[in-house]
Structures are given as C-alpha cells and as structure tokens.
Amino acid sequence: MNVLVTSISAKVPMLKAVREALDRAGKGGLLFGADLDRDCIGSFFVDHFWTSPRIDELSADELVRYCRTHGITAVIPSRDGDLPFFAAWREHLRANGIHVMVSDKACVEICADKLRFAHKLFEDAFPSIPTYEELSFEADRYVVKERYGSGGAGVGIALDADEAARHAKRLRHPVFQPYVEGTEVSVDVYVDARGKAKGVIPRRRIRVVNGESQLSATFRDAGLERLCAEMAERLGAYGHVLFQLIRDGGGNWHVVECNARFGGASTLAVAAGLDSFYWFLLESRGADLDGVPFRRSDRELMLIRHPEDRIQ
C-alpha cells in the first residue's frame, strides 16, 4: 500500500501521522507527497516527492497514470482547494483502484459556501449562526467574512453597522452574521464508509494564529460530541472533517463552519484516539471498521505547535 498526500507544503506533523498509520496498515508501504513547490519543507518528510501541476491543470487521467506507475492506492488531499477536484473524480478514481479520503461533491460544496452551509444546518435544526448576503438585519455587532473557503483571512469581527459596510467593500463575496461572543472550540470527526461517525474529539482553541491553533487542549462534552456526529452524518461527510463552534455565555453552541479535511491541529485528535488515517487506510483496502474500536485517551491532552529544526 503506497499513499499520496497532496499539497504537503510544511505540514510535517500531518505527514508524520500519516506515516505512522501507514506503518501499521501498509506493511512497508511508501509515503508520497505532492506540491507545486519542489523545495517545500514537506518534501524532506516523504519517501518520494512529486512536483505536481496546479490542481486546475491536473486531469484525472494524469493522476491515475501517476498513481498506477507508483503503486499508489490511497490519496489524502490536505488543502481546501484540492477538495472539489477529488470530490468530483472520487468514484472514477475508486474505479481505478485509488481510494481518496474526501467527502462527496455535495458535502464539499456546502462546506465551502458559508451561506449554503448556514442554511443547510438551519433546515436540519442545527444551531447555525444566521448568515446573510446583505446587511439587512439588526444586531449589536457584526461579523463580515468571505462567503467561500475556510480560515479567518479577511474576516471582520465585532464591527458596528458602518464598519461592517465598509469592511464588506474589501471582500469579493461578503456575507454578514451577528457577532457571537464566547469560547471557540474545534471538533474533529471521522465518518466511516457507511456514513456513520466513528469517533469525535473536541478541543479548545487556546491560542489561534492566522486561523490555526497553536495551543489546543482536548476535553469531553457528550452533548457536543453527539451534535457534531449528527451534523457530519447529515452533511454526508466521509473521512476526517473539522467543525468550528462558539459556546456563548449561556452555554449554547453556535456552529461557525465545517472544514471537510484534516485540520492544522488535528494531530491532537489523532493522539487522543481519533485514528483517522489508519481507519481510512483500512477502509481503502475494503476492511470493515466494526472490529476496530475507537479508543479515546483516558486523559486529556494539550498540543503546542512550534517550529523545530531538523539536521540531516
């Protein structure tokens, strides 16, 4: 079993987690990494590196040829921009013996569109934050963000109405939300091939830099875990997905977004027992996960993300 991770950039902790899972599931399989930048840091942490074309210039047939040439049977996309391509060609790739850890096209499209995502959750009676294309509602403070994609780039937080209107002019596709003050958390979920949540790990985002957690700590909340499992299943997700939520002063949860991929600090969830890459690799071989238990760590863990030198 050889595995390809796309858009590896400097995602060294993720690559290490994939390799550890591959060592257990693949029995000597090789780890391949792909990126546009041939000198990216991640290239030093894979067995073979592919300077891949841009995703909008890559054809499914070219990908199939590369995977067949190198014996690759499993692919893990790691960037939001890769997901639409792999979701669109998921079944074609599977027919060619290549399994991809990606949700279906409908799920990927909904998660990438904050307006559709909020409406979908509202229709299914989940606690989404009301989201609008126009500043046509009353709120004490507002959040303005890009409609498409994930992450915090360009977001305006806790703005008054005039500030919100001005901020929206700097965005391509702005959407507006009432500002919800509270504690921000992330929840990692793995959904198996039958569409059932295999495991859920919540974590507090203690320190966030450029949209990613530098300090995170796991915690338990049975109600929150049920909520996120149900949302992931209802969205039709597959593999590893990541929810962002806010808990207000009254203890109510408000869903911010869902990233349909492995997150920057999701290695903490893996360490706590959410064995996403191992489970995916087993499923890519046709294994049933019923006999593979979700063993949640019996103690809470903290993740500290920091630069580290490697000398070789």
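Within each chain, residue numbers correspond to sequence positions counted from 1 in written order. It should be noted that, the model being predicted, local features are given only for residues of pLDDT at least 70 and side-chain atom pairs only at 80 or more, the latter also being counted only at that level, while totals for whole chains, interfaces and linings use all residues. Side-chain measures were taken over the full set of non-hydrogen atoms in the model, leaving aside hydrogen atoms and water.

1. Observations concerning the environment of G71
And step 1. Within the element layout of this structure, G71 appears in the loop between helix 2 (60-69) and strand 4 (72-76).
And step 2. Throughout, exposure labels follow a simple rule: accessible area from a 1.4 Å probe, protein chains only, divided by the maximum for the residue type, with under 20% read as buried, over 50% as exposed, and the rest as partly exposed. Judged by its relative accessible area of 37%, G71 falls in the partly exposed class.
And step 3. For G71 and V155, which are 84 residues apart along the polypeptide, the C-alpha to C-alpha distance reads 42 Å. A run of DSSP states H or I qualifies as a helix once it reaches four residues; a run of E qualifies as a strand once it reaches two. Both are numbered from the N-terminal end.

2. A word on the sheet that holds strand 1 (residues 2-5)
And step 1. Taken together, the 5 strands give an open sheet; going across it, the order is 3-2-1-4-5, and neighbouring strands pair in parallel fashion. The strands lining the two open edges of the sheet, one partner per strand, are strand 3 (48-51) and strand 5 (99-100).
And step 2. Pairing between strands requires that DSSP locate at least two bridges from one strand to the other. Pairing of strand 4 with strand 5, which is carried by 2 bridges, proceeds in the parallel orientation. Bridge pairing in strand 5 links A74 to H99.
And step 3. Two residues qualify as a contact provided that any one of their heavy atoms is within 4.5 Å of a heavy atom in the partner residue. Only the stretch in contact is used when fitting a helix axis, every axis being a line fitted to C-alpha atoms; angles between N-to-C directions are given from 0 to 180 degrees. Helix 2 contacts strand 1, strand 2 (31-35), strand 3 and strand 4 of the sheet and is inclined by roughly 125° relative to strand 4.
And step 4. Lying over the sheet, helix 10 (residues 276-284) contacts strand 1, strand 4 and strand 5, oriented at roughly 140° with respect to strand 4.

3. Some thoughts on the nonpolar core
And step 1. The criterion is simple. A nonpolar core is a set of buried Ala, Val, Leu, Ile, Met, Phe, Trp, Tyr and Cys residues joined through side-chain atoms within 4.5 Å. Counting residues in each nonpolar core, the largest one holds 47 residues, and the members touching the most others are F243 and L245.
And step 2. If one sorts the elements of this core by residue count, helix 8 (residues 222-235) sits on top with 7 residues.
And step 3. Discounting chain neighbours no more than four positions away, the residues touching L245 are T183, E184, V185, V187, L224, L227, C228, M231, W253, H254, V255 and V256.
And step 4. Membership of the second largest hydrophobic core comes to 38 residues, among which are L22, L268, A269 and L301.

4. A word on helix 1 (residues 12-25)
A turn of α-helix holds 3.6 residues, and therefore any two residues three or four places apart point the same way.
And step 1. The span expected for a helix works out to 1.5 Å for each residue beyond the first. With 14 residues, helix 1 ought to run about 20 Å at 1.5 Å a step, and its terminal C-alpha atoms sit 20 Å apart, in line with that.
And step 2. Where helix 1 is buried, its residues contact strand 1, strand 2, strand 4, helix 9 (267-271) and helix 10.
And step 3. Phi turns positive, to about 50°, at K27, one or two residues after helix 1.

5. Side note on the pairing of strand 9 (residues 182-191)
And step 1. Burial runs high along strand 9: 7 of the 10 residues are buried.
And step 2. Relative to strand 12 (residues 239-248), strand 9 is paired through 10 bridges, and the arrangement is antiparallel. Paired with Y190 across the bridge in strand 12 is H240.
And step 3. If you look at the hairpin formed by strand 9 and strand 10 (residues 197-209), you'll find 5 residues sitting between the two strands, and G195 has a positive phi there, around 85°.

6. Things to note about the packing of aromatic side chains
To describe a pair of aromatic rings, one takes the distance between the centres and the angle between the planes.
And step 1. Pairing of aromatic rings covers Phe, Tyr and the six-membered ring of Trp, with a centre-to-centre limit of 6.5 Å; geometry is then stacked below 30 degrees between planes, edge-to-face above 60, and tilted otherwise. In this structure the tally under the stated criterion is 9 aromatic pairs.
And step 2. Considering the side-chain rings of W50 and Y66, the 4.0 Å spacing of their centres and the 10° angle between planes classify their relative orientation as stacked. A residue pair is termed long-range when its members are at least 10 positions apart, and W50 in strand 3 and Y66 in helix 2 qualify at 16 residues. We note that W50, like Y66, is buried.

7. Observations concerning the packing of helix 1 against helix 10
Packed helix pairs are specified by the crossing angle of their axes together with the interaxial distance, meaning the distance between the axes.
And step 1. Helix 10 packs onto helix 1 with a crossing angle of 45° between their chain directions and a minimal axis gap of 8 Å. When the interaxial angle is binned, helix 1 and helix 10 end up oblique. Every pair of crossing elements has a handedness; the one defined by helix 1 and helix 10 is right-handed. Across the interface between the two elements, M14, A17, V18, A21, L22, R24 and A25 of helix 1 pack against F277, Y278, L281 and L282 of helix 10.
And step 2. When residue character is reported, Ala, Val, Leu, Ile, Met, Phe, Trp, Tyr, Cys and Pro are called nonpolar, Asp, Glu, Lys and Arg charged, and the others, Gly included, polar. Considered class by class, the residues forming the contact of helix 1 with helix 10 number 10 nonpolar, no polar and 1 charged. For classification purposes, angles smaller than 35 degrees are called roughly parallel, those larger than 145 roughly antiparallel, those between 65 and 115 roughly perpendicular, and all remaining angles oblique. By the definition used in this description, the sense in which the near helix is turned from the far one sets the handedness, with an anticlockwise turn below a right angle giving left-handed and a clockwise turn giving right-handed.

8. Quick notes on unusual backbone geometry
And step 1. Located in the positive-phi region is S9, a residue other than glycine, with phi close to 45°.
And step 2. Along the chain, S9 turns up in the loop between strand 1 and helix 1.
And step 3. Owing to a relative accessible area of 36%, S9 belongs among the partly exposed residues under this scheme.
And step 4. In this model, A125 sits at a positive phi of 65°, which is unusual for a non-glycine residue.
And step 5. Summarising the element assignment, A125 is placed in the loop between helix 6 (114-123) and strand 6 (142-146).

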